[in-house]
Amino acid sequence: MTTLSSHDPGAHERLDAGITELAAYRDPERHGWTREVFSTPYRESRQWTAARMRDAGLEVFTDPAGNIIGRLEGTNPSAPALVTGSHTDTVDGGGRFDGIVGVVGAIEAARQLRESGTQLSRDLLVVDFLGEESNVFGLSCLGSRAAARELTAADLDRQDYRGVSLGQAYADFGLDPTSLTDVQWARKPLHAFLELHIEQGPTLEQRQLPLGIVTAITGIERFIATFSGSADHAGTTSMTDRQDAMIAAAEAVLAVRREGCGAPNHGVATTTRVESESRSPNVVPSLVRMMSEVRSVDTDWLGGVKGRLTSEILVKAGDYGVDVGFDWSTDNEVVQASPGVQDVVASAADILGIPWMPIPSGATHDAVHMASLAPMGMIFIPSKAGKSHCPEEWSDTRDIATGVTALVSTLKALDSAELSRTTATS
Ligand code: GLV
Ligand code: MN
Ligand code: MN
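Draft legend 1. A look at empty space enclosed by the protein. According to the stated counting rule, one finds 2 cavities of 30 Å³ or more in the structure shown. By volume, the largest cavity is sized at about 60 Å³. Along the walls of the largest cavity sit Arg14, Leu15, Arg52, Asp55, Ala56, Val104, Ile107, Glu108 and Arg111, which together make up its complete lining. For the lining of the largest cavity, the secondary-structure elements that each account for two or more residues are α1 (9-23), α2 (40-55) and α3 (100-115). In terms of residue count, the dominant contributor to the lining of the largest cavity is α3 (4 residues). Looking at the lining of the largest cavity, its residues break down into 4 nonpolar, no polar and 5 charged. Counted as a void, the second largest cavity has a volume near 40 Å³. Residue lining of the second largest cavity: Asp89, Thr90, Val91, Gly94, Gly95, Asp98, Glu133, His389 and Glu393, and that is the complete set.

Draft legend 2. Highlighting the site of ligand 1. Around ligand 1, a shell composed of Glu132, Glu133, Arg295, Ala363, Thr364 and His389 is seen. Between ligand 1 and Glu133, the relevant distance is 3.1 Å, taken from an oxygen atom to a side-chain nitrogen or oxygen of the residue. Thr364 has a polar backbone atom sitting 2.8 Å from an oxygen atom of ligand 1. If ligand 1 stood free it would expose 190 Å²; the protein chains cover 95% of that surface. Here the shell around ligand 1 is built from residues that sort into 1 nonpolar, 2 polar and 3 charged.

Draft legend 3. Quick peek at the packing of helix α8 (residues 245-261) against helix α9 (residues 299-319). Axis separation between α8 and α9 bottoms out at 10 Å; the angle between their running directions is 150°. As far as their axial angle goes, α9 and α8 are roughly antiparallel. In the packing of α8 onto α9, the handedness of the crossing is right-handed. On α9, the residues touching Ala248, Glu251, Ala252, Ala255, Val256, Arg258, Glu259 and Gly260 of α8 are Trp301, Val305, Arg308, Leu309, Glu312, Ile313, Lys316 and Ala317. Split by residue class, the contact of α8 with α9 holds 9 nonpolar, 1 polar and 6 charged.

Draft legend 4. A look at the side chain of Asp128. For Asp128, the position within the fold is in strand β4 (residues 124-129). Here the side chain of Asp128 touches Arg46 through a polar contact of 3.0 Å, side chain to side chain. Beyond its immediate sequence surroundings of up to four residues, Asp128 is in contact with Arg46, Thr49, Met53, Asn67, Ile68, Ser86, His87, Thr88 and Val103.

Draft legend 5. Broad picture of the state of the cysteines. Per the stated rule, a full pass over the model turns up 0 disulfides. Residue Cys141 stays outside any disulfide, its sulfur separated by 19 Å from that of Cys390, the closest cysteine. Of the residues examined, Cys390 reaches a relative accessible area of 13% and is grouped as buried.

Draft legend 6. Spatial organisation of the coordination of the manganese ion (ligand 2). Within the protein, His87 (NE2), Asp98 (OD) and His197 (NE2) serve as the donor atoms for the manganese ion (ligand 2), at 2.0 to 2.3 Å. When the donor residues of the manganese ion (ligand 2) are listed from N- to C-terminus, their spacing reads H-x10-D-x98-H. Between the two metal centres, the manganese ion (ligand 2) and the manganese ion (ligand 3), the spacing is 3.6 Å, with Asp98 acting as a shared donor. Taken together, the residues Asp98 in the loop between β3 (81-87) and α3 and His197 in strand β5 (residues 190-198) connect sequence positions 99 residues apart. Judged by its relative accessible area of 5%, Asp98 falls in the buried class. According to the relative accessible area criterion, His197 is buried, its value standing at 1%.

Scoring rules and cut-offs
- Residues numbered from 1 in each chain as written.
- Chains lettered and ligands numbered in written order.
- Predicted model: local features only at pLDDT ≥ 70, side-chain atom pairs only at ≥ 80, totals over all residues.
- Heavy atoms only, no water.
- 1 Å grid on protein atoms, 1.4 Å probe; cavity = no way out; pocket = protein on both sides within 12 Å on 5 of 7 lines; lining within 4 Å.
- Points joined across faces, edges and corners; volume = space filled by probe spheres on them.
- Helix = DSSP H or I, 4+ residues; strand = E, 2+ residues; numbered from the N terminus.
- Nonpolar A, V, L, I, M, F, W, Y, C, P; charged D, E, K, R; others polar.
- Near = heavy atom within 4 Å.
- Polar contact = N/O pair within 3.5 Å; in protein donor to acceptor, adjacent residues only side chain to side chain.
- Areas by Shrake-Rupley, 256 points an atom, 1.4 Å probe, with all protein chains shown as cover.
- Axes fitted to C-alpha atoms, helices over the stretch in contact; angles between N-to-C directions.
- Parallel < 35°, antiparallel > 145°, perpendicular 65-115°, else oblique.
- Left-handed = near helix turned anticlockwise from the far one by under 90°.
- Contact = heavy atoms within 4.5 Å.
- Disulfide = S-S within 2.5 Å.
- Buried < 20%, exposed > 50% of the residue type's maximum accessible area, 1.4 Å probe, protein only.
- Donors = N, O, S within 2.8 Å, 3.2 Å for Na, K, Ca; no water.

Next up, the structure:
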C-alpha cells in the first residue's frame, strides 16, 4: 500500500501515544474499549482530551453542549473559522480508533501547523464532539447535533430502558439541558468542516489505497416495534391457538433483513435487540420489543422503507393474531459532502502524491450535522479487514499519519479556498 509518512518523525509517536493513553479510559466491566457517552470513563477521558489540546498549544473551552473545542488563532480571528474534529466516545464493546483518530489526528494537525509557524488567516477549531455514537436514547451525534441547533426539546424527552430521559442524563453529567438548543459558538458562520475518520469498512484496504474522500453519508431510519399477543400456558395451548408475540417478532427480524438485501443500490438493515417481557419458559410470550435500523445513501429507497416494513410486519403479525405498535425515528437523513471541499482534499492529496478514491460512508458521523453549518468534507483512512465497532478495530499508525498529512495540507488549502455554501441533504 502506498503511504506517505508525516514530515515530523515525532508525529507517529504522538499519534500512537494519544490512542494508547485514551484507550486506558474504559469500562472495566465491559469487553473491548467501552467508553460510552455520560459514563464515568468518558467523563474522565474528557479531561485528558482537553489537556492534550492545551499541550498542542490550543486555547481550550467547552461549549454548553459539552463539546471540547481547542482554538488555534488565525491572523483574522473575525473571519469564519475552519473546523475539524470527531468524537472520543465508543460503542459498547468498541475499539480504539473510531472517532479517536479524528480527534487525536486533528490535535496533531493543529500542533504541526503551529510548530511549523504556519498561521492560517482564520481560526482553526479542533473539536471533540460529545457522544457521537448512537446511545440508549437511540440518538447519535449529540454534540454536533446541538452545535447545529438540531437537538430538539422532544429529543431531550427521549427515555432509555430505565425511564431516564436524555435531558436528565445531560444534567447528571453536569450540563444544563435548557441551554442545549442555543449553543453560542455554532451560531457564528463557519468556513468549512473537515473530519478525519477510519473507513470502518474494507474497501480502502482491498483496493490498497491509503485515502478515501467521502462523497455522501448514509441516512438512518430506526424503529422500536412492540408486539402484543396473549400470555397462555406453553404446555396446554395448541400451536394453532397461540398469539405468540415472539414468533411475530422473529418474522419481523427476517423482514428487516430482506429489506436490506433488496436495496437496489446501497442498503443495510439490522435488528440489534429483541426483548421479551416473559421470564418463565412455560408461558407463551405476550409482549416483545425489537429495535432495528435501516441505512442507505439512496434517498429514494430509504424514503420508502418505513411504509414497506411497517405494512409487511403488520401483515405477518396479523397472521399470528399479534398487534404491533411502531415508534419510528430518523436519526439522520442522507447528506452529501460539499463538492468544493472534496475537490480541495483531492488536489491536496494529488500534490502530496497520496492515491485516493471517492467513497460513500455507511457509518454516520458528526459531519452530518456540521454540514448544515458549513461546507463539509471527510477523509477516510483504511481499517484492517474493515472491522469496526468491535475490539478488533485497527488502523496502522502510518496510515493515520498519512491521513494527518492530508488533513494538514487540506486545512491550509481550505483556508484560502472560495467555497459554495450550498450544502445539501439530498
Ligand atoms: C456510528 O458509528 C454509526 O454509524 O452508527
Ligand atoms: Mn465514528
Ligand atoms: Mn462509531
